[in-house]
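Residue-level structure breakdown
Chain by chain, the residues:
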Amino acid sequence: MSFTAIFFFVAIVGLTLVITWWASKRTSSASDFYTAGGGLTGWQNGLAIAGDYLSAASFLGIAGAVALFGFDGFFFSIGYLVAYLVVLYIVAEPLRNLGKFTLADMITARFNNAKVRGTAALSTITIVLFYMIAQLVGAGALIQLLLGIDYWIAVLIVGFMMTTYVLFGGMTATSWVQIIKACLLMLGTVIISFLVLKEFGFSISTMFKEMTTATDSGAAYLNPGLKYTDGLDTISMLIALVLGTAGLPHILMRFFTVKDAQTARSSVIWATWIVGIFYVLTIFLGFGAAAFVGKEDIIAANAAGNMAAPLLAEALGGDILFSFVCAVAFATILAVVAGLVLSGASALSHDIYGQIIKKGKITEKEQVLAARIGSITIAVISILLALGAQTLNVAFLVSLAFCIAGSANLPVIIYTIYWKRFNTAGAVTAMLTGLISALVLVAISPNVWNPVEGKAIFVGEPLIMLTNPALISVPLGFLGGFIGTLLSKESDESKYREVDVKANTGISVQDVSH
Amino acid sequence: MANNQAKKGVVIDYDAIANQESFKALVRRKNSFLWSITAIFLLAYMMLPILTSYTEILHQKAFGEITWVWIYSAGLFIMTWGLCHLYVAKANSFDKEAKAIIAEYENGGGRL
């Protein structure tokens, strides 16, 4: 490892620790801890959303997928970006108007019931854990590769850092880590894209022309079909991307960190532009890596293609750019896992301990303490699982997280806001049907079963051919909620009218008492 | 929520607001706007894998070596940015109506 690499890593770690120390002095209430006191401005929250959104899977994963599979890799960029519209049009504002810290808060604004809250918290924790393990295993492998240290040390470093941010600085520190990371990531991506374009004489059409001969796939590289050959599987994956994102707890939590709906909207504009521009640039990262690094070298460094972007940086910008990009990748992982710990901790401490076990009778001091204990619990569990999962192919965990988010969380969010007849029985059945069907369908999918040894966890024929079963599990989640609602006679229209008025007007006592 | 209402002894009569014609009209227009746009962008999005999986239309060259699938994808990006701004503009105008609805409720003797 070179001196410049050490310099960039130490600079990033140092900077984030200073922020955490500064944020820790401002974190005294539960609201500070979970939502930074709702005090972020539009552009700050917009950058933080982008920081949460652009995970290592986006940066390293998509660049690698485009490099290896051409257009098929770009499906992810399109899916994640359009997903933003689902969040914006259907979920964000009602969630904000009804909720406090968590998804369960929002659902229980209509159904004040321990079973509903418990099930929502359960689905949140399940998603967070699966997503976390995938991120941590990826992080471990990456840092192992970059710094040449053992996997378990790498996981412990990331785990220790993320716990420090969350534990001492709460959402304020986590948000600022995400903001810094978003800026660094954009800077790195723009620099690499510029260098790639320069190689092609600043001509997009030259770039496309040269890409038809740059890889061994020929002109097929520029069209879909290199990786995804099964139509239904492609469709299913794109459904998971677009609907799953709107149910991811750590993304939803970011809408509570601003003071009002208008600020939330301005943050969304910032985030949509940043995220969109980033995803456009993934084309240059991927094409550049395919042309100037080459498939063999990309696969030799990491079979999944995760090293494509750092290797491209090295090829075009030498040691300094390589070190910078590696440090940015490290910051990316830290920011995303810190956000995940917070959303997992909020479900565990606020929903399960604070609202279900203590029935809301909990002092501010106890809430903050519970939030910290919850963070440590989530962090320790995920680190232990990640240490055990080193040799596991974890790609299925991400598809599982997206599937559960789209199948268990999205139906219940939509029914809660838009369906008058919906009731507690429907809410519980919607979440359980989505959760269980996603788990079962992934368990019998080609991610888990493959006839070729070493390709999946078990050797054998999968029962379904969909690598991402959202095509089946999302409709099942909606159907489960529908049937569950109709089977129960209970309904409370006056409570729905209250939710409807709050969701549509944003009215609350705080707003109008002055 | 109950604990909000307990604060300062304020009770909002949500049923009264929900029964105002102005509120019903806002919700109707808002929902038809949100859901019709959602249907449009989800359709435009889902047409991409359907077209690429079952037809060869998007595999043809559009400009130089750039095939139609890239043009279609670029369209989805532009659509996302455009609809994001449309949403914010619309939501700001809905906000004004919501304020008017609350004012109407207060003037009608409703307590906040």
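Residues numbered from 1 in each chain as written. Chains lettered and ligands numbered in written order. Predicted model: local features only at pLDDT ≥ 70, side-chain atom pairs only at ≥ 80, totals over all residues. Heavy atoms only, no water.

Focus on the environment of Phe-292 of chain A
Residues and elements named next belong to chain A. Our working rule: For helices the rule is a DSSP run of H or I covering at least 4 residues; for strands it is a run of E covering at least 2, with both sets numbered from the N terminus onward. By definition, residues are in contact when any of their heavy atoms lie within 4.5 Å.
Relative to the elements of secondary structure, Phe-292 occurs in helix H12 (residues 261-292). Phe-292 sits 93 residues away from Glu-199 along the chain, and the two C-alpha atoms are 9.4 Å apart. Setting aside anything within four residues of it in sequence, one finds Phe-292 in contact with Val-196, Glu-199, Phe-200, Leu-312, Ala-315 and Leu-316.

A word on the side chain of Thr-263 of chain A
Residue position: Thr-263 of chain A is located in helix H12. Not counting residues up to four positions away in its chain, the partners in contact with Thr-263 of chain A are Leu-40, Thr-41, Gly-42 and Val-258 of chain A.

Concerning the packing of aromatic side chains
Working definition: an aromatic ring pair is given by the centre-to-centre distance plus the angle between the planes. Selection rule: For Phe, Tyr and Trp, where Trp contributes only its six-membered ring, two rings pair if their centres lie within 6.5 Å, and the inter-plane angle classes them as stacked under 30 degrees, edge-to-face over 60, or tilted in between. Relative accessibility thresholds used throughout: buried, under 20% of the residue-type maximum; exposed, over 50%; partly exposed, between the two (1.4 Å probe, protein chains only). Counted as over-ring charges are cases with an Arg CZ or a Lys NZ within 6 Å of the ring centre that also lie within 35 degrees of the ring normal.
According to the stated counting rule, one finds 40 aromatic pairs over all chains in the structure shown. Between Tyr-221 of chain A and Phe-287 of chain A, the aromatic rings sit 5.7 Å apart at their centres with planes inclined by 50 degrees, giving tilted as the arrangement. Here the residue Tyr-221 of chain A occupies a position in the loop between helix H9 (204-214) and helix H10 (231-244), and Phe-287 of chain A occupies one in helix H12, the gap between them amounting to 66 residues. Considered together, Tyr-221 of chain A and Phe-287 of chain A belong to a single accessibility category, that of buried residues. One aromatic cluster is present, built from ring pairs that chain together Phe-71, Phe-74, Phe-75, Phe-208, Tyr-221, Tyr-228, Trp-273 and Phe-287 of chain A together with Trp-70, Phe-77 and Trp-81 of chain B. Over the ring of Trp-21 of chain A we find Lys-25 of chain A, and its NZ or CZ is 4.2 Å from the ring centre. One residue, Lys-90 of chain B, lies across the ring of Phe-33 of chain B, its end atom 5.2 Å from the ring centre.

Comments concerning the packing of helix H3 (residues 21-54) of chain B against helix H4 (residues 68-107) of chain B
Residues and elements named next belong to chain B. The criterion, for reference: Orientation is described by axes fitted as lines to C-alpha atoms, over the contacting stretch for helices, and by angles from 0 to 180 degrees between their N-to-C directions. To sort the angles, those under 35 degrees are grouped as roughly parallel, those over 145 as roughly antiparallel, those from 65 to 115 as roughly perpendicular, and the leftovers as oblique. Gly falls in the polar group here, along with every residue not listed as nonpolar (Ala, Val, Leu, Ile, Met, Phe, Trp, Tyr, Cys, Pro) or charged (Asp, Glu, Lys, Arg).
Running from amino to carboxyl end, H3 crosses H4 at an angle of 170 degrees, the nearest separation of the two axes being 11 Å. Viewed along their axes, H3 and H4 adopt a mutual orientation that is roughly antiparallel. Partitioning the contact of H3 with H4 into residue classes produces 21 nonpolar, two polar and five charged.

Some remarks on the confidence of the model for chain B
Residue and element names in this part refer to chain B. To keep things clear, this is the line we draw: You can read pLDDT as the predictor saying how much it trusts each residue, on a scale of 0 to 100.
With 88% of its residues at a pLDDT of 70 or more, chain B shows a mean pLDDT of 87. When pLDDT is averaged over each helix and strand of chain B, the minimum, 41, is found for helix H1 (residues 2-6) and the maximum, 95, for H3. Counting contacts from residues 1-8, a segment whose pLDDT is below 50, to residues more than four positions away or on other chains yields 13 contacts. For this predicted complex, the interface confidence comes out at an ipTM of 0.92, alongside a pTM of 0.91.

Overview of the UniProt feature "transmembrane region" (unreviewed entry) in chain B
Residue and element names in this part refer to chain B. Here is the rule: UniProt positions are given in the numbering used here, feature names are shortened, and annotations may be inferred rather than shown by experiment.
Taking the UniProt record as the reference, the feature "transmembrane region" (unreviewed entry) is found at residues 33-54 and 66-89. When the span residues 33-54 is considered, its composition is 100% helix and 0% strand, and the gap between its end C-alpha atoms is 31 Å. As annotated, residues 66-89 has a helix share of 92% and a strand share of 8%, and its two end C-alpha atoms lie 34 Å apart.

Re the nonpolar core
Under the convention used in this document: Only buried residues count toward a nonpolar core, which is a set of Ala, Val, Leu, Ile, Met, Phe, Trp, Tyr and Cys residues joined through side-chain atoms within 4.5 Å.
Ranked by internal contacts, the top residues of the largest apolar core, which has 220 residues, are Phe-59, Tyr-89, Tyr-279 and Phe-287 of chain A together with Trp-70 of chain B. Top contributing element to this core by residue count: helix H14 (residues 308-357) of chain A, with 25 residues.

Considering the pattern of salt bridges
Residue and element names in this part refer to chain A. Which entries qualify depends on this criterion: For this analysis, a salt bridge means a side-chain nitrogen from Lys or Arg found within 4 Å of a carboxyl oxygen belonging to Asp or Glu.
The final tally for this structure, using the stated rule, is 13 salt bridges over all chains. When the shortest N-O distance is used, the salt bridge between Asp-105 and Arg-117 registers 2.9 Å. Here Asp-105 is found in helix H6 (residues 103-108), whereas its partner Arg-117 is found in helix H7 (residues 114-147), with 12 residues between them in sequence. By relative accessible area, which is 8% here, Asp-105 ends up buried. By relative accessible area, Arg-117 is classed as buried at 8%.

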